[in-house]
Every structure is written in structure tokens, then in C-alpha cells.
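Below are the chains, spelled out letter by letter.
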Amino acid sequence: MPSTVIVGAQWGDEGKGKIVDLLAQESDVVCRYQGGPNAGHTIIVGGETYKIRQTPSGVISGKTSVIGAGCVVDPQVFVTEIDELASRGIDTSIVVLSGNAHLIMPWHVAIDQASERRLGKLQIGTTRRGIGPAYADKASRIGIRVQDVLDPKILRQKIEVALAEKNVWLERVYEVEPFGLEEIWSQYAAYAERLAPFVGDTSLLVDQALREGKNVLFEGAQATLLDLDHGTYPFVTSSNPIASGAATGIGIGPNRIDRVTGVAKAYVTRVGEGPFPSEIPSPLQERVRELGGEFGTVTGRERRCGWLDLVALRYAVRLNGITSLALTKLDVLSAFAVIPVCVRYSLPDGRETEHFPAHQSDFHHCRPIFETLTGWEEPLGAQLPAAARAYVEFVEDELDVPVELVGTGADRAAVLARS
Ligand code: IMP
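Residues numbered from 1 in each chain as written. Predicted model: local features only at pLDDT ≥ 70, side-chain atom pairs only at ≥ 80, totals over all residues. Heavy atoms only, no water.

Draft legend 1. Here's a closer look at the site of the ligand. Around the ligand there are 16 residues in total, and Asp13, Asn38, Thr127, Thr237 and Arg301 lie nearest to it. Take Asn38: an N or O atom from its side chain is 2.9 Å from an oxygen atom of the ligand. Between an oxygen atom of the ligand and a side-chain N or O atom of Arg301, the distance comes to 3.1 Å. Relative to its free-state accessible area of 470 Å², the ligand is covered by the protein chains to the extent of 96%. (Near = heavy atom within 4 Å. Polar contact = N/O pair within 3.5 Å; in protein donor to acceptor, adjacent residues only side chain to side chain. Areas by Shrake-Rupley, 256 points an atom, 1.4 Å probe, with all protein chains shown as cover.)

Pasting the structure below:
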């Protein structure tokens with residue numbers, strides 16, 4: 001299996017980092033193809049916890065770690081992360097950054113924060129890291145790319161052009177402080193020295209690795225239902241986490257992808273606003289949150305918790321072409337005598353469907369129809385108890401996709417391979 005995409009099959013935080021880390025052991029190259037420091041991957045190896053946001057998880061395992069053109073990079077976060085990893089003995093010389101990736105500039109962060117404040121109750125609930133504004137500028141063709149910092153003259157010109165517009169917005173629309181050209185230019189020009197050693201032709205690197213028969217892993221950040229085109233818009237991120245995004249984000253043909261592994265929690269979590277049909281009522285939701293440690297890696301926010309939603313997961317199978325699933329955090333459900341699973345939605349007009357609604361008002365007003373499975377109420381070990389096995393098999397039967405990996409605890413070793 002030379003090339004595999006790993007994609008979050010729900011609303012993020014499915015435990016992808018751990019599965020990527022596991023599969024990275026057999027890979028030569030690990031790539032991030034979209035997103036930026038809005039991602040937060042926690043990897044626990046031998047009692048050591050690593051929280052990384054910008055760099056592919058493969059860096060922990062010493063694999064060539066690619067940040068593709070489809071990503072947005074906050075140079076401050078990148079440099080800090082690289083320095084921290086290096087100080088903990090991780091070899092960071094294996095990180096390769098696309099010169100085509102776009103930079104998150106200070107005004108992107110300021111606009112993200114100010115626009116969320118201004119939206120008030122209608123806010124998206126973003127990570128406020130400047131992701132949306134950076135991708136918006138990329139699409140408007142006034143973005144600043146990694147390769148621009150390598151040429152101080154071009155960099156100055158681009159900052160000047162951007163600031164002429166951004167400062168008007170910041171002052172007049174958002175009523176916040178503008179940015180000074182000299183200050184930003186000198187700050188970003190100084191990043192040139194730090195970024196230059198990492199910049200490379202990532203499309204060519206990945207193409208050559210695939211031609212040489214190497215194993216390449218594409219690590220999706222965020223998740224399917226946060227996809228800009230196919231997720232629960234507008235409560236989405238501004239890039240394409242779905243598997244096909246790996247081809248565009250890295251710069252390879254879609255026919256180079258051999259396998260797509262969807263990572264889904266055995267239940268569901270969501271941060272930020274937006275409809276969430278299988279959300280668990282209080283106080284049970286707090287119990288699941290505590291048991292699962294469901295607090296954001298990047299923002300520390302409480303994650304909303306719901307029972308497993310097979311309608312949404314079926315949609316993820318379709319959008320990504322998922323060939324196998326990794327079901328994580330099954331151990332969190334060990335506390336429950338009965339476990340509801342959402343199998344269909346009841347729509348406002350009374351119809352029932354097992355397919356994700358194509359129209360937002362159906363999704364906003366649908367009600368979940370649950371099937372209740374029996375819990376196992378015992379800790380999970382090397383062999384799954386019969387009821388836990390039945391839970392996993394129920395998911396496989398409903399989705400017609402094999403569950404190849406099951407997460408049974410936080411540590412790297414706590415994953416059962418089923419095939
Ligand atoms: P943004 O990506 O910061 O613009 O945020 C847009 C939406 O995506 C918000 O609902 C965020 O909470 C969500 N989001 C972004 N990154 C992650 C992630 O890594 N895990 C879960 N949700 C995320």
C-alpha cells in the first residue's frame with residue numbers, strides 16, 4: 001500500500017494523530033496537504049506527550065515530513081514548534097515546506113478574531129488562528145507565499161499591497177489597530193533565514209517517492225464535515241480535508257492514491273457552532289467529555305459530545321472513498337450499560353433517511369433515530385469482549401467498510417488490528 005490518505009471522518013479530533021503515528025512507522029514520507037495551525041495532534045509515545053499543530057505527525061518518528069502547497073503556515077508557530085521538537089531531541093531536518101504554501105500574516109489573525117467578535121451569536125467558532133482570512137486572500141490572489149519571504153524586495157511589495165487594503169478594513173470596519181509596513185516587513189524578512197532550510201519542491205519530492213515505490217502517508221487535518229465544499233457550511237474550515245484534497249494540496253494526480261483510511265471516534269465530538277443531531281443531553285454529555293478528555297488541543301475549548309452518527313459516517317465514506325476505518329476511543333464507551341447509535345435521520349417532512357441531507361434546513365431540523373446496543377462495561381484489553389466486538393461489527397455492516405483498527409486507550413500501543 002504505497003500511498004494512503006488518512007482522513008478524519010467526523011468533525012475533527014478523531015484521534016488521527018495517533019493513527020498517523022502508528023502507520024507512519026511503516027511509511028517513508030508523511031504529508032500534510034491542507035490546513036494550518038488550526039490542527040492540533042496529540043501523540044503519546046512511551047509516556048512522552050507531543051502536541052503539534054503545523055508539522056506532520058511523522059516528524060516524531062523520523063519520517064520525511066512534507067507541508068504541501070495546500071497548507072497555510074504561520075511562521076511564528078512553525079519556528080517555535082520546530083525549535084521545541086529539536087530541543088526534545090527530534091530531528092527536524094527532515095521537514096520539507098512547499099514554497100507555494102501561503103503564509104498566515106498578523107492581519108489574518110486580527111481579522112479572524114475581529115470578525116468572530118463582530119458576528120457575535122452567529123460566529124463560526126473558529127480557532128482564531130487566521131485560517132479563513134489567509135485562504136480568502138489566497139483565493140483573491142493577494143496572498144503571500146512561503147517563497148515570497150525568500151526575496152525581501154518582493155516581500156516588501158506584497159506586504160505593502162496587502163496592507164493598503166487590510167488596514168482600511170481593520171480600522172474602519174473592525175475598529176482595531178492597523179499594522180505598520182516596516183515592522184511587518186522586518187519581522188517577516190527575518191523569517192527568511194529560519195524558513196529557507198526547509199523550503200523544497202514538495203510535489204516533485206512526493207512524486208519521486210511514489211515512483212521509487214516508497215510508502216507515502218497523507219495526513220488530513222480537520223475532517224470531512226469541516227470540508228469547505230462538502231461539510232456543514234458555514235460551520236467549516238476554509239480548506240478541503242477530504243481525501244481528494246491530498247492530490248490538489250500536494251500536487252499529484254488523484255490516481256496516485258491507493259487507499260483511504262477514515263478515522264472515526266466510537267462516538268462523535270464537535271467544537272464550535274453548528275447543528276449536531278446526535279448530541280448527547282446533559283449531564284450524560286459531561287460524563288462522556290470527562291471520560292474522553294474532550295477538550296481542544298489548540299484552544300482548550302470543551303468539545304460537544306454525541307453518540308456515533310452512522311448517517312454522517314456513511315456520508316464520509318462516500319465523500320472520501322474510504323476503504324477502511326479506524327475506530328478510536330472505544331474504551332471511553334466501556335462505562336455505559338447501553339450505547340445508542342444514530343442509524344437514520346427523521347426529516348422535518350416526516351421522511352426518514354440514512355443519507356446525509358443535501359439541504360441545510362433538513363440537516364438543521366432533522367432528528368436522530370437511534371438503535372441501542374448493549375455495552376460491555378469492562379476495560380478493553382488485547383481481546384475485545386463480545387459486546388464491544390458486536391458494536392464494531394454493527395458499524396461495519398451498516399457502512400459496508402471494514403474496521404481495521406480499534407483504539408482502546410491513549411498510548412501508541414493501545415490499538416487493536418483486526419485484519
Ligand atoms: P478554522 O479552521 O479556525 O477557521 O475554524 C473553522 C471550524 O473548524 C471551527 O468550527 C473550528 O472549531 C473547526 N476546526 C478547525 N480545526 C479543527 C481541528 O483541528 N479539530 C476540530 N475542529 C477544528
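Once you've had a look at it, read on.
Draft legend 2. Spatial organisation of unusual backbone geometry. Pro234 follows Tyr233 through a cis peptide bond whose omega is 5°. On the secondary structure map, Pro234 appears in the loop between strand 10 (216-219) and helix 8 (244-250). Look at the link from Ser282 to Pro283: it is a cis peptide, with omega at -5°. Here Pro283 is to be found in the loop between strand 12 (268-270) and helix 9 (284-292). Located in the positive-phi region is Asp13, a residue other than glycine, with phi close to 60°. Examined against the element boundaries, Asp13 turns out to sit in the loop between strand 1 (3-8) and helix 1 (16-24). With a relative accessible area of 25%, Asp13 lands in the partly exposed category. Although it is not a glycine, Arg128 adopts a positive phi angle of roughly 60°. In this fold, Arg128 is placed in the loop between helix 3 (106-119) and helix 4 (131-140). Residue classification places Arg128 among the partly exposed positions, given a relative accessible area of 27%. (Helix = DSSP H or I, 4+ residues; strand = E, 2+ residues; numbered from the N terminus. Buried < 20%, exposed > 50% of the residue type's maximum accessible area, 1.4 Å probe, protein only.)

Draft legend 3. Representation of the environment of Thr64 within the structure. Among the secondary structure elements, Thr64 is positioned in strand 5 (residues 64-67). Here Thr64 falls in the partly exposed class, since its relative accessible area comes to 25%. If we ignore the near neighbours within four places in the chain, the residues touching Thr64 are Asp28, Val29, Val30, Ile94, Val96 and Leu205. (Contact = heavy atoms within 4.5 Å.)

Draft legend 4. Representation of the sheet that holds strand 9 (residues 199-200) within the structure. Read from one edge of the open sheet, 10 strands run 9-7-5-2-10-1-11-14-18-19, paired in mixed fashion. The sheet is open, and its two edges are formed by strand 9 and strand 19 (415-417), each paired on a single side. One ladder, built from three bridges, connects strand 14 (residues 324-328) with strand 18 (residues 403-407); its direction is parallel. Bridged to Ala326 within strand 18 is Leu405. Helix 1 contacts strand 1, strand 2 (29-32), strand 10, strand 11 (259-265), strand 14, strand 18 and strand 19 of the sheet and is inclined by roughly 165° relative to strand 1. The strands that helix 7 (residues 202-211) touches are strand 1, strand 2, strand 5, strand 7 (95-98), strand 9 and strand 10; relative to strand 5, the one it contacts most, it runs at about 135°. (Pairing = 2+ DSSP bridges. Axes fitted to C-alpha atoms, helices over the stretch in contact; angles between N-to-C directions.)

Draft legend 5. Broad picture of the pattern of salt bridges. The final tally for this structure, using the stated rule, is 22 salt bridges. The residue Asp83 makes a salt bridge to Arg194 at a minimum N-O spacing of 2.7 Å. With Asp83 in helix 2 (residues 75-87) and Arg194 in helix 6 (residues 181-195), the pair connects residues that are 111 residues apart, well separated along the chain. Residue classification places Asp83 among the partly exposed positions, given a relative accessible area of 37%. A relative accessible area of 32% places Arg194 in the partly exposed class. When the shortest N-O distance is used, the salt bridge between Lys265 and Glu294 registers 2.8 Å. Placement of Lys265 in strand 11 and of Glu294 in the loop between helix 9 and strand 13 (304-306) is noted, with a sequence separation of 29 residues between them. Taken individually, Lys265 and Glu294 each receive the classification buried, so the pair is uniform in this respect. Here the salt bridges do not stand alone but share partners, grouping Asp13, Lys265, Glu294, Arg303 and Lys329 into one network. (Salt bridge = Lys/Arg side-chain N within 4 Å of Asp/Glu carboxyl O.)

Draft legend 6. The arrangement of the sheet that holds strand 17 (residues 367-374) in detail. Across the sheet, three strands lie side by side as 16-15-17; this open sheet has antiparallel pairing. A strand with exactly one partner marks an edge of an open sheet, and here the two such strands are strand 16 (352-353) and strand 17. One ladder, built from eight bridges, connects strand 15 (residues 338-346) with strand 17; its direction is antiparallel. Residue pairing in the sheet places Val338 in a bridge with Thr374 of strand 17. The strands touched by helix 10 (residues 310-320) within the sheet are strand 15 and strand 16, with strand 15 carrying the most contacts at an inclination of about 65°. Packed onto the sheet, helix 12 (residues 386-399) meets strand 15 and strand 17 and runs at close to 15° relative to strand 15.

Draft legend 7. Structural view of helix 10. Most of helix 10 is tucked away: 10 of the 11 residues are buried. Buried within helix 10 are the following residues: Leu310, Val311, Ala312, Leu313, Arg314, Tyr315, Ala316, Val317, Leu319 and Asn320. Contacts made by the buried residues of helix 10 are with strand 1, strand 11, strand 15, strand 16 and helix 12.

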